[in-house]
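Each chain is listed here by its residues.
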Amino acid sequence: MSERILEVRDLAVSFDTYAGEVQAVRGIHFHLDRGETLAIVGESGCGKSVTVQTIMKLLPSPPARIKSGSILYQGEELVGKSDKEMENYRGKEFSMIFQDSMTSLNPTMRVGKQLCEGIRKHQRIGAEEAKAVAVNMLREVGLPNPEKAFRQYPHTLSGGMRQRVMIAMAIACSPKILFADEPTTALDVTMQAQILDLMNQLKADTGAAIILITHDLGVVAQMADRISVMYAGEIVESGTAAEVFYNPCHPYTWGLLGSMPSIAGSSRQAKEELLSIPGTPPDLFAPPAGCAFAARCSYCMKACLKADPPEFTADDGHMARCWLLDGRAAPVTPPVGRKAPAGKEGA
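Residues numbered from 1 in each chain as written. Predicted model: local features only at pLDDT ≥ 70, side-chain atom pairs only at ≥ 80, totals over all residues. Heavy atoms only, no water.

**Topic: the sheet that holds strand S1 (residues 4–17)**
The pairing of strands in a sheet comes from backbone hydrogen bonds and takes either a parallel or an antiparallel form.
Here is step 1: Taken in spatial order, the 4 strands make up an open sheet running S2-S1-S4-S5, and their pairing is antiparallel. Each edge of the open sheet is held by one strand with a lone partner, namely strand S2 (20–33) and strand S5 (76–77).
Here is step 2: In this structure, S1 lies alongside strand S4 (residues 64–73), joined through 8 bridges in antiparallel fashion. For Val13, the partnering residue across the bridge sits in S4 and is Ile66. (Pairing = 2+ DSSP bridges. Helix = DSSP H or I, 4+ residues; strand = E, 2+ residues; numbered from the N terminus.)

Encoded structure:
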């Protein structure tokens, strides 16, 4: 049995603004086992980044506020810990590859100094030893001239090189959890493949667990062991990568998968039209009383407008929050996937 390293229970996060309360994350729960990759997918603004930044306590408070929930790291509660206490976790126990490497790196500091700062804090070593570790990490992530990169400023590096520097900073202290927030954004296809291969290799070498935040399902297919699909601050479907890709049960997941272009010879015909999701996400200042996806859903029923659906079990370990899985709902054949969702009792 895999060792559970992280467990999030009923987490709700809001932002108090001049216009009112933004309910960014609304009662989600998930877990992460050692050595696995969990992908959290969904469109922009669904709460993916807020979730992991809450775990690392990177959101300023105010305006951010944890309304409820528990975050257990190796059985230890993180909610309520001070910023000073969290410094012992960030970088050493878990670290993050941020979405935009250009704005995440300090433009006034050389790459080497930024790397050494975290290494010296958590490993308690001298300046020369820290430099040796930093240069070796730059070499490990594939920079062709790590000694030169160590002395350079971020703006003198290409986007792919800066992303590799971010990865080197994230793994320098061998964290047990690596949060990767859109790690391949704005990179060309060749560089994207190299970065993903590097992350997979690092996981294999160190046994670290990865939480991958993305809206790119091609990246998810290559990386993920399990997938959680987020919409409007809620996890609407979760399961293994095979379950979510081949037996999706939520109409929002159908829309995400149906919007992916396929190649000839795949399960979908090459000339088949791509699906689209009409409308826009709900206003999280005032989330709807029923299902948050109801206004955009082609399968919307009266129940969807009145009550937020509970979690229904589609298969062992595979759940979705959709009234179509209620035993009283008429069977629906999904436009994607290999099997229709079977109506089962709510979990």
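**Here's the deal with the pairing of strand S6 (residues 94–97)**
Here is step 1: Side chains of S6 alternate between two faces, with Phe94 and Met96 and Ser95 and Ile97 buried alike.
Here is step 2: The sheet contact formed by S6 and strand S7 (residues 177–181) spans 4 bridges and is parallel. The partner of Ser95 across the bridge, within S7, is Leu178. (Buried < 20%, exposed > 50% of the residue type's maximum accessible area, 1.4 Å probe, protein only.)

**Brief notes about helix H1 (residues 48–55)**
Here is step 1: Here H1 lies mainly inside the structure; 7 of its 8 residues are buried.
Here is step 2: Of all the residues in H1, the buried ones are Lys48, Val50, Thr51, Val52, Gln53, Thr54 and Ile55.
Here is step 3: The first or second residue beyond H1 is Lys57, which carries a positive phi of 55°.

**Digging into the confidence of the model for the protein chain**
Here is step 1: On average, residues of the protein chain score 87 in pLDDT, and 93% of them reach the 70 mark or higher.
Here is step 2: Counting interchain partners and residues more than four positions distant, the pLDDT-below-50 stretch residues 264–268 has 10 contacts.
Here is step 3: For residues 340–347, every residue scores under 50 in pLDDT, and the model assigns this stretch 27 contacts once sequence neighbours within four places are set aside. (pLDDT = per-residue confidence, 0-100. Contact = heavy atoms within 4.5 Å.)

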